[in-house]
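Structural description and commentary
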Amino acid sequence: MVSIPKVNVLVIIIMLLIILPITPSISSNLGGEKSLNKVNRYINDYVWMWDEYYNAPGDLQGDEPVIWGGSLGHYHNYSEIMGKLDLLAKSLPELAKTYSIGQTFNGREIMCLELSNHSYSGGKTEFLLIGQTHAREAITVENILYLIDQIVLEHIIKTSFMTDFLKKTNLYIIPTLNPDGLELLTKNPWQRRNGRPVDGDLDGRTDDEAEVCDVDGDNYISRIYADEKVLLEGIDLDHDGYAGEDIPGGVDLNRNYPKEFIGPGSSDDPNSLVYRGTEPLSELESQAMDLFVKMHDFNFGLSLHSGIQSVIYPWGYTNDPSPDEEEFHAVAEQLVEIAHDYSIAQDFGIWGDQGMYTVNGEWGDYMYAEYGMKAYTIETYRGPEYTSYYNGTNWLSYGIWDFFNPAPSEVIELSEAIYKMIMYLASEPLVTYSNSLAEITSFTVDVSETNMALVSWEIFDADMDDLRIDVSYSTDTEMEWVNVYSTNSTTGEHQFIPPNDQDEIMIKIVVDDGKQKVVAKRSLSFDISEPIIDPTDVTEPENNETSPENNEKASFGFIEMTVIAVVVATIAIKRRKKE
């Protein structure tokens, strides 16, 4: 152990007492002139979320898209989102990568941001985060952009939590799954579905009432119930006596997945807000999502919505419990507890406990049933109920924007709460079995000169019965897995010959409890021509085993620190005397 002279400790204490009062603290809540300029040198011209919302206004009288138009005010439109992601990828390549997972009906890219320590080649878990499946739930984009900025900041200043997290995790973040809907939202705050044209009024034409607009100039777009039709305030372009009966788009993307596609929780009526489309995965957005998940190995995934404050998990189509009800509910309880630390999130509860409605063809049900993903949905915000009244002839409603989206002045506080919830889930919580799930403590792959792959593992068995360990590999972009070995041994190894026509291979180890319930999962991708070992398997020496050489280096480093401390303290004292 290094011996620290008392005089050096005293010097450092003096230095800290002098420097700390005049050093600005690093906090994500600072705004305006107190912005985190210290880290801006890493990202030229980058504007942090908390700076964008510094001194943001409270509730506006009207729908923000009507007031601000295509800019969406403080909220981010499609071009602003794309610009932010692009700048991150260019400025911080060791952290951020961007790519499109597909295109929408109108040709917009569905962009994904991958955040991880890309210089670290060990096995990592994968986490999926999706925003804005429904267009008018724009707050979900803001929640995600805030999370991105928090991760970027903590990466730059190297907090211990984020450094460790990014070594172990790949985050795949899709800020908006519905870019066409986002663009339509800039004109129509009621927009929910995607941009595929449908014949809502069954007159043989699609989207012929595209000109939704604020006719009476009150900064709201009103919804009108007239003659058993659902209309929106606008111009009667086809001169049939009704305005806005066939608005642009589309299909409800959260009713378009194959699991229990048909049922009372969706509709086959093209005019319905929950129109499920002509068939499962009929939409380019849901197709892109399905293929993207198939190519990965997500243990946990999360989709953000708004309209209530709630945590949702499978099943959505029925009130019957899923096989993983205990685990789902335990995690949901923890998420709600985190939310309740914030005044703006006091209404959070669990969907099933709140007695909410059922849905068919929902994202989470399909991801769980088809891919074994622990798929959660968080409804992040519910505002005041929009106003409905009878004008003597028809029922009218207005104020839909405020129902789904908070005032700009509330966005940062809400996003902070959602950030904490997401990071808890992305850290793969172990809350069932008395926090004693099996854990893969070592997972390595070694490739010999003859391309023989040797897979080794060690698993901490937390007193679970009937564990089953499966080793698989994949070589194609569709991620079709080939099982090569199954066992119930928590410590072991298996040798096999990978296909010799491939340059890269992915190995996966999956542990289940014998009841088809996955309790641990790791994957590792590598070049089969170069042996690789998981860096997490390297044991570091204990403090009392430090070598003499390291002692000398440590002592030298401490002396340097002491000298620097004295110099800085002297400068600070002289500066204060001058003042």
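Here we summarise the structure given alongside this text. As a convention, each chain's residues are numbered from 1 in the sequence order in which they are written. Where totals are concerned, whole chains, interfaces and linings use all residues; where local detail is concerned, this predicted model gives features only for residues with pLDDT of at least 70, and gives and counts side-chain atom pairs only at 80 or more. Side-chain measures were taken over the full set of non-hydrogen atoms in the model, leaving aside hydrogen atoms and water.

Pairing is antiparallel in the open sheet, where 4 strands are placed in the order β6-β5-β12-β11. Since the sheet does not close on itself, it has two edges, and those belong to β6 (229-232) and β11 (387-390), each with one partner. The sheet shows a mean angle of 20° between the axes of neighbouring strands, taken without regard to direction. Strands are labelled as partners when DSSP assigns at least two bridges between them. Elements are defined by DSSP. Helices are runs of H or I of four residues or more, strands are runs of E of two residues or more, and each kind is numbered from the N terminus. To get an axis, a line is fitted to the C-alpha atoms, and for a helix only the part in contact is used. The angle between two axes follows their N-to-C directions and goes from 0 to 180 degrees.

Looking now at a nonpolar patch on the surface. By definition, no residue in a patch forms a salt bridge, and every one has over 30% relative accessible area; like charges are joined within 9 Å, nonpolar side chains (Val, Leu, Ile, Met, Phe, Trp, Tyr) within 5 Å. The method behind every accessible area is Shrake-Rupley, applied with a 1.4 Å probe, and residues are considered shielded solely by the protein chains displayed. Any Lys or Arg side-chain nitrogen found within 4 Å of a carboxyl oxygen on Asp or Glu counts as a salt bridge. On the surface, Y225, V230, Y390 and W395 cluster together to form a nonpolar patch covering roughly 410 Å² of accessible area. Along the chain, the position of V230 falls in strand β6.

Looking at the secondary structure, you find T387 in strand β11. Along the sequence, T387 and F403 sit 16 residues apart, while their C-alpha atoms lie 9.8 Å from each other. The contact definition used throughout considers only heavy atoms, calling two residues in contact when any of these lie within 4.5 Å. Among residues more than four places away in sequence, those in contact with T387 are L396, S397 and Y398.

Let us look at the sheet that holds strand β8 (residues 308-312). Strand pairing in a sheet is mediated by backbone hydrogen bonds. Such pairs are either parallel or antiparallel. The sheet built from 8 strands is open, its strands ordered β1-β2-β4-β3-β7-β10-β8-β9 with mixed pairing. Of all the strands in the sheet, just β1 (96-103) and β9 (349-350) have a single pairing partner and so form its edges. Pairing analysis gives 6 bridges linking strand β7 (residues 298-305) to strand β10 (residues 374-381), with the strands arranged parallel. Following the sheet pairing, L302 is matched in β10 by Y376. Running over the sheet, helix α11 (residues 363-371) touches β3 (125-130), β7 and β10 and is turned about 165° from β10.

Right, let's talk about helix α6 (residues 139-157) for a bit. To estimate how far a helix should extend, the number of its residues minus one is multiplied by 1.5 Å. Between the first and last C-alpha of α6 there are 27 Å, a value that for 19 residues agrees with the 27 Å anticipated at 1.5 Å per step. Burial analysis of α6 places 18 of its 19 residues in the buried class, the great majority of the element. Immediately downstream of α6, the backbone of K158 shows phi near 60°, a positive value. Buried, partly exposed and exposed residues are distinguished by accessible area as a fraction of the type maximum, computed with a 1.4 Å probe on protein chains only: under 20%, between the cut-offs, and over 50%, respectively.

Turning to the packing of helix α7 (residues 160-168) against helix α13 (residues 411-426), a few remarks are in order. Relative to each other, α7 and α13 sit at 45°, their axes nearing to 12 Å. Taken together, the axes of α7 and α13 are oblique relative to one another. Pair α7 / α13 crosses with left-handed handedness. Listed contacts from α13 to F161, M162 and F165 of α7 are Y419, M423 and A426. The nonpolar class holds Ala, Val, Leu, Ile, Met, Phe, Trp, Tyr, Cys and Pro. Asp, Glu, Lys and Arg form the charged class, and all remaining residues, Gly among them, are polar. Tallied by class, residues from the contact of α7 with α13 come to 6 nonpolar, no polar and no charged. When describing relative orientation, an angle under 35 degrees is termed roughly parallel and one over 145 degrees roughly antiparallel, while 65 to 115 degrees is termed roughly perpendicular and anything else oblique. Left-handed describes a crossing in which the near helix is turned anticlockwise from the far one by less than a right angle; the clockwise case is right-handed.

Within this structure, the stated rule accounts for 11 salt bridges. Where R196 meets E283, a salt bridge forms, and the shortest distance between an N and an O atom there is 2.8 Å. Residue R196 is located in the loop between α8 (179-185) and β5 (223-226), and its partner E283 is located in the loop between β6 and α9 (284-294); the two are separated by 87 residues in the primary sequence. Taking the relative accessible area as the measure of exposure, R196 reaches 27% and is therefore partly exposed. Overall, E283 belongs to the buried group, its relative accessible area being 2%. The salt bridge involving D252 is made with R255; its shortest N-O contact spans 3.8 Å. D252 sits in the buried class, given a relative accessible area of 0%. Taken together, the shared-partner salt bridges connect E52, K84 and D149 into one network.

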